[in-house]
Amino acid sequence: MSRTGFDPELDLMVERVIRAPREALWRAWTDPRRFEQWWVPAPALCRVERLEIRPGGAIVTRFSEDGGDFVPHLEAVVLVADELERIAFTNAIDSTWRPADPRPIAMTAEVLLDDHPDGTAYRMIARHGDPATRGRHAEMGFADGWGTVTEQLAKLVER
């Protein structure tokens, strides 16, 4: 599925089978109202400012812990958008195509959707520039955070 492979020294991954068709997952990734329902771990709230899932498009989100102030969450450029199959984006370039120095880490993310007898094989890979950055992302709670939002995504589309 991935064109670049998985490097355990540099990459982190969440994968699971989601009991829904790829079309449902694609809609959850491309419809701002659906995206807001699963993109940040509950009970935090997400607000989508831009969601343009197309090459050169942008993903810009904000989040709030309690529904009060919404602060920046993700600002990224979409690199690849192969409908129903693959989305790749990076926060190393901001939504205006300027080089970025994202906090706390720079990464490229790849979302892969593939048919599975029970629905969709879903894989999300976070790619890092060096082992230290990968390690920081893991220590920040990659597995819990990205695992939680993947679970929220599954609940949304499996309804």
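Just so you know, these numbers come straight off a predicted model, no measurement behind them.

Enquirer: Any chance you could explain the pairing of strand β3 (residues 58-64) here in plain terms?
Expert: Within a regular strand, the side chains alternate between the two sheet faces. Within β3, five of the seven residues are buried, which leaves the element mostly enclosed by the surrounding structure. Here strand β2 (residues 45-51) pairs with β3 via six bridges, running antiparallel. Counterpart to Arg47 in the pairing with β3 is Arg62. Taking the residues between adjacent antiparallel strands as the criterion, β2 and β3 are bridged by six residues, where Gly56 takes a positive phi near 90°.

Enquirer: Can you help me understand the nonpolar core in this one?
Expert: Residues Trp29, Trp38, Trp39, Phe89, Tyr122, Met124 and Leu153 are the most contacted members of the largest nonpolar core, which totals 40 residues. Those elements that place two or more of their residues in this core are β1 (11-18), α1 (22-30), β2, β4 (71-82), β5 (86-90), β6 (108-116), β7 (119-127) and α4 (142-157). Broken down by element, this core gets its largest block of residues, seven residues, from α4.

Enquirer: When you look at the environment of Ile18 in this model, what are you seeing that I'm missing?
Expert: Summarising the element assignment, Ile18 is placed in strand β1. With near-sequence residues (within four places) excluded, Ile18 lies in contact with Leu25, Asp118, Gly119, Thr120, Tyr122, Leu153, Ala154, Val157 and Glu158.

Enquirer: Before we go on, may I ask you to explain the environment of Leu45 in this structure?
Expert: Along the chain, the position of Leu45 falls in strand β2. Each C-alpha atom of the pair Leu45 and Gly67 lies 6.4 Å from the other, and the pair is 22 residues apart in sequence. For Leu45, the residues in contact, after removing those within four places along its chain, are Val40, Arg62, Phe63, Ser64, Gly67 and Phe70.

Enquirer: I'm lost on the packing of α1 against α4 in this one. Help?
Expert: Each packed pair of helices is defined by two parameters, the angle between the axes and the distance between the axes. Packing of α1 against α4 brings their axes to within 10 Å, and their N-to-C directions diverge by 120°. Helix-helix and strand crossings are classified by hand; for α1 and α4 the assignment is right-handed. In this structure, α1 uses Ala24, Leu25, Ala28 and Trp29 to contact α4, whose residues at the interface are Leu153, Leu156 and Val157. For the contact of α1 with α4, the per-class residue count stands at seven nonpolar, no polar and no charged.

Enquirer: Even after reading the chapter, I still don't get the sheet that holds β3, so can you show me in this structure?
Expert: Across a sheet, strands are paired by hydrogen bonds formed along the backbone, either parallel or antiparallel in direction. With antiparallel pairing, seven strands are arranged side by side in an open sheet as β1-β7-β6-β5-β4-β3-β2. In this open sheet, the two edge strands, each paired with only one partner strand, are β1 and β2. With strand direction ignored, the average angle separating the axes of adjacent strands in the sheet is 20°. Sheet analysis places β1 next to β7, joined by eight bridges and oriented antiparallel. From the neighbouring strand, Asp11 faces β7, where its bridge partner is Arg127. Packed onto the sheet, α1 meets β1, β2, β4, β5, β6 and β7 and runs at close to 155° relative to β6.

Rules of the game
Residues numbered from 1 in each chain as written. Predicted model: local features only at pLDDT ≥ 70, side-chain atom pairs only at ≥ 80, totals over all residues. Heavy atoms only, no water. Buried < 20%, exposed > 50% of the residue type's maximum accessible area, 1.4 Å probe, protein only. Helix = DSSP H or I, 4+ residues; strand = E, 2+ residues; numbered from the N terminus. Pairing = 2+ DSSP bridges. Core = buried A, V, L, I, M, F, W, Y, C linked by side-chain atoms within 4.5 Å. Contact = heavy atoms within 4.5 Å. Axes fitted to C-alpha atoms, helices over the stretch in contact; angles between N-to-C directions. Left-handed = near helix turned anticlockwise from the far one by under 90°. Nonpolar A, V, L, I, M, F, W, Y, C, P; charged D, E, K, R; others polar.

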